[in-house]
Amino acid sequence: MNTVAQLINGQFVTSTSSQFIMVQDPATNEDISQIPVSTTHDMEEAIQSAQKAFTSWKKVPVSERARVMLRYQHLLKQHHDEIAIILSKETGKTFEDAKGDVWRGIEVVEQAANVASLMMGETVENVARNIDSYSMVQPLGVCLGITPFNFPAMIPLWMFPMAIACGNTFVLKPSEQDPNTPMKLAELFMQAGAPDGVLNIVHGGKEQVNFLLSHDAIKAVSFVGSVLVGQHIYKTATQNMKRAQCFAGAKNHLVVMPDANKKQVINNLVGASVGAAGQRCMAISVAVFVGNSKEWIDQLAEKIGEVKPGLWDDPKAGFGPLISAQAKARVLALIESGKQAGATCLVDGSQFSLAQYEQGNWIGPTVFTNVSTDMEIYQQEIFGPVLCCIQVDTLAQAIKLINENPFGNGTSIFTASGAAARTFQSEVQVGQIGINIPIPVALPFFSFTGWKNSFYGDLHAYGKQGARFYTETKTITARWFDDESAVVPNMSINLR
Ligand code: NAD
């Protein structure tokens, strides 16, 4: 069993901490690693090294910073499968899913290599006689990232490459449940030529996060995780006068119109709902059947019921175990609450267990129908392989249902009608919309734009908004005297 290192000032160092958190293989619940709970001394050192590195890194020409990202994306591609294996082993994700996790992160690094165009200011000549105004975009200082377990490659890569490409330095506190993946990402980042102290990693949970959030040197906080923690982090960071972007939980609906292609609807819904064991912030957890499309629910349930959970390296496995015994217990309790509340359980995965791996956190695919909005299975983010089906009569009712839901990460419509799709995209109060696409995650030249309780802040992750989040704009108004205008009697007249 390995003890996970910290990254401080360019060195992978052990902590003097006497407290450790065990990292378990979700398929067996056996310990595979331990992480130190970073001490205050460790965290001070990490922040100081980031502060020191900032003084020189911010002066490194933007094209040189971009070149570090180009080398980094090359190394990530070279080590793509190796990272995916580390990721699969500590999350239980299938190899295919793990590769997707790594790939979506690499795409953000490619975008970070394009940083110069994102850091361009604006210029207006002659804002007044002989006076020009222009703006420049500058980094903030030390930025902090706090990441969840469910995308241990992609989400750290949403944060530190863009922040660092913009000229900042970074302290990352990854999820305590799968820290080996971000450590591998960090190892490759150092190999790509990142100077010492530009990226630092410390470990732990609530106490460590609270210490970092209250530190004066931290200028901006990026968080991805659950709703209550996101609210706490947004409030604490902003109370401590830091800018913050906090991506939180979700409840994503897919609307099925009766004119949609049945086969496409069913095929897409299977992967979007139970893929990755439903542990995706963009997973479809509610299917809203409009009108006669409700007749497809039984066929959909049958198809979802055929999906078999399995080990990460089993090519036939549809998805893996849940991340922890605690997560499994939570999802089982929610399945039970759905039954008690009167929803019809068409496929029940609560008894599923994988032969010879009975200690793992297995739950089979589960489908409920006749779900109503007052049920806990509708109101809570389940974060398990569970799909809830709801029936409505019209598109307007489907839109109303989605708009009344407190979350707004993603939603989708399957239809053959351009008019229905257009009404949907215009009226639905959700940040990312799919039209005949089940999981509409924006590519890195756009931004990841969750709304409502799925996001606290204003500037979203990656793309132009990511660059704006990690930078400050400085506006300069300049006048240069030539010989003839050297004496200006009254400046206020000139400026009027
Ligand atoms: P989590 O909130 O439990 O943990 C996220 C991070 O916060 C971890 O690093 C953890 O150590 C830290 N943390 C936990 N409790 C804390 C506390 N009380 N105070 C301070 N820090 C604390 O989330 P998770 O279970 O790791 O991830 C799953 C959640 O993340 C789901 O709700 C999912 O929807 C959400 N998520 C959202 C997005 C998005 O873009 N909106 C993307 C991925 C995941």
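Under the annotation held in an unreviewed UniProt entry, the chain carries the name methylmalonate-semialdehyde dehydrogenase (CoA acylating) and is attributed to Glaciecola punicea ACAM 611. UniProt annotates the chain under Sequence similarities (unreviewed entry) with the comment "Belongs to the aldehyde dehydrogenase family."

The number of helices and strands found in the chain is 17 helices and 23 strands. Principal-axis analysis of the C-alpha atoms places the extent of the chain at approximately 85 × 60 × 40 Å. Counting every position in the chain, which comprises 496 residues, the buried fraction comes to 51%. Of the contacts formed within the chain by residues at least 6 apart in sequence, a portion of 71% connects residues at least 24 apart.

Attention shifts here to the site of the ligand. If you check the shell around the ligand, you find 28 residues, and the closest are Pro148, Gly225, Ser226, Phe247 and Cys281. Looking at the shell around the ligand, the elements with two or more residues in it are helix H8 (206-213) and helix H9 (227-239). Each residue belonging to the shell around the ligand can be placed in one class, and the counts come to 13 nonpolar, 11 polar and four charged. There are two domains that each give the shell around the ligand at least three residues, and those are domain 1 (2-248 + 454-476) and domain 2 (252-435).

Residues Met162, Phe170, Val171 and Leu199 are the most contacted members of the largest nonpolar core, which totals 82 residues. Of all hydrophobic cores here, the second largest spans 67 residues; its members include Val256, Leu354, Ile363 and Cys388.

Spatially, the three strands line up as an open sheet ordered E6-E7-E23, and their pairing is antiparallel. Where the open sheet ends on each side, the last strands, each with one partner, are strand E6 (123-128) and strand E23 (471-479). Shown here is a sheet whose adjacent strand axes are inclined to one another by a mean of 30 degrees, direction ignored. In terms of strand pairing, strand E7 (residues 131-139) meets E23 through nine bridges, oriented antiparallel. Residue pairing in the sheet places Pro139 in a bridge with Thr471 of E23.

Across its 12 residues, helix H6 (residues 154-165) extends 17 Å between first and last C-alpha, which sits within 8% of the 16 Å expected from 1.5 Å per residue. With 12 of 12 residues buried, H6 is to be regarded as a mostly interior element. Positive backbone phi, at 105 degrees, marks Gly167, one or two positions downstream of H6.

Its domain assignment divides the chain into domain 1 (2-248 + 454-476) and domain 2 (252-435). Counting from both sides, the interface comprises 17 residues of domain 1 and, opposite them, 23 residues of domain 2. Split by residue class, the side of domain 1 that touches domain 2 holds five nonpolar, nine polar and three charged.

Right, let's talk about the sheet that holds strand E1 (residues 2-3) for a bit. The strand order across the open sheet formed by three strands is E1-E5-E4, and the pairing between neighbours is mixed. Strands at the two margins of the open sheet, each flanked by one partner only, are E1 and strand E4 (20-24). Two elements, E4 and strand E5 (residues 31-36), share five bridges in a ladder whose sense is antiparallel. Within E5, the position partnered with Val23 by the bridge is Ser33.

Right, let's get into the pairing of strand E16 (residues 366-369). Burial of the side chains of E16 extends over both faces: Thr366 and Phe368 are buried on one face and Val367 and Thr369 on the other. Two strands pair when backbone bridges link them, and strand E15 (residues 344-347) and E16 are joined in this way by three bridges, in the antiparallel orientation. Counterpart to Thr344 in the pairing with E16 is Thr369. One ladder, built from three bridges, connects E16 with strand E17 (residues 386-392); its direction is parallel. Looking at E17, one finds that Thr366 is bridged to Val386.

In terms of residue burial, E17 counts as a mostly covered element, since five of its seven residues are buried. When strand E14 (residues 284-290) meets E17, the two strands line up parallel, connected through five bridges. Directly across from Val286, in E17, lies its bridge partner Cys388.

Our next topic: unusual backbone geometry. The backbone of Asn130 shows a phi angle near 65 degrees, a positive value even though the residue is not glycine. For Asn130, the position within the fold is in the loop between E6 and E7.

This next bit is on the packing of helix H3 (residues 80-91) against helix H4 (residues 95-112). Look at H3 against H4: their axes get within 8 Å of each other, and the N-to-C directions meet at 120 degrees. Relative to H4, H3 is oriented oblique. As for how H3 packs across H4, the hand of that crossing is right-handed. Where H3 abuts H4, its residues His80, Ile83, Ala84, Leu87 and Ser88 lie against Phe95, Ala98, Lys99, Asp101 and Val102. Partitioning the contact of H3 with H4 into residue classes produces six nonpolar, two polar and two charged.

Quick look at helix H14 (residues 395-404) now. Along H14, the residues that are buried comprise Leu395, Ala398, Ile399 and Ile402. Buried residues along H14 cover an arc of 95 degrees about the axis, so they all sit on one side. For H14, exposure combined with an orientation more than 90 degrees from the buried face picks out Ala396 and Glu404. Lining the buried residues of H14 we find strand E13 (252-256), E14, E17, strand E19 (410-414) and helix H15 (418-427).

Rules used in this analysis
- Numbering of residues begins from 1 in every chain and follows the order in which that chain's sequence is written.
- Only residues with pLDDT of 70 or above have their local features reported here, since the model is predicted, and side-chain atom pairs are shown and tallied only from 80 upward, although totals for entire chains, interfaces and linings are computed over all residues.
- UniProt positions are given in the numbering used here, feature names are shortened, and annotations may be inferred rather than shown by experiment.
- The helix count covers DSSP runs of H or I at least four residues long, the strand count covers runs of E at least two residues long, and both are numbered beginning at the N terminus.
- Comment: burial labels come from other C-beta atoms within 10 Å of the residue's own C-beta, placed from the backbone, where a count of 20 or more is buried, 12 or fewer is exposed, and between is partly exposed.
- For the purpose of contact definition, each residue receives a C-beta atom placed from its backbone, and two residues are in contact when these atoms lie within 7 Å.
- Only the C-beta atom matters for this test: placed from the backbone, it must lie within 6 Å of a molecule or strand for the residue to be near it.
- Under the scheme applied, nonpolar residues are Ala, Val, Leu, Ile, Met, Phe, Trp, Tyr, Cys and Pro; charged residues are Asp, Glu, Lys and Arg; polar residues are all the others, including Gly.
- Throughout the structure description, domain borders are defined by an automatic or database domain assignment.
- Take the buried Ala, Val, Leu, Ile, Met, Phe, Trp, Tyr and Cys residues, join any whose C-beta atoms are within 7 Å, and the set you get is a nonpolar core.
- Being paired, for any two strands, means DSSP has found at least two bridges between them.
- Inter-axis angles, ranging from 0 to 180 degrees, are taken between N-to-C directions of lines fitted to C-alpha atoms, where helices are fitted over the stretch in contact.
- Residue count minus one, scaled by 1.5 Å, sets the expected span of a helix.
- Here the word oblique covers every angle except those under 35 degrees (roughly parallel), over 145 (roughly antiparallel) and from 65 to 115 (roughly perpendicular).
- In a left-handed crossing the near helix is turned counterclockwise from the far helix by less than a right angle, and in a right-handed crossing that turn is clockwise.
- For this quantity, the arc is that covered by the directions from the helix axis to the C-beta atoms.

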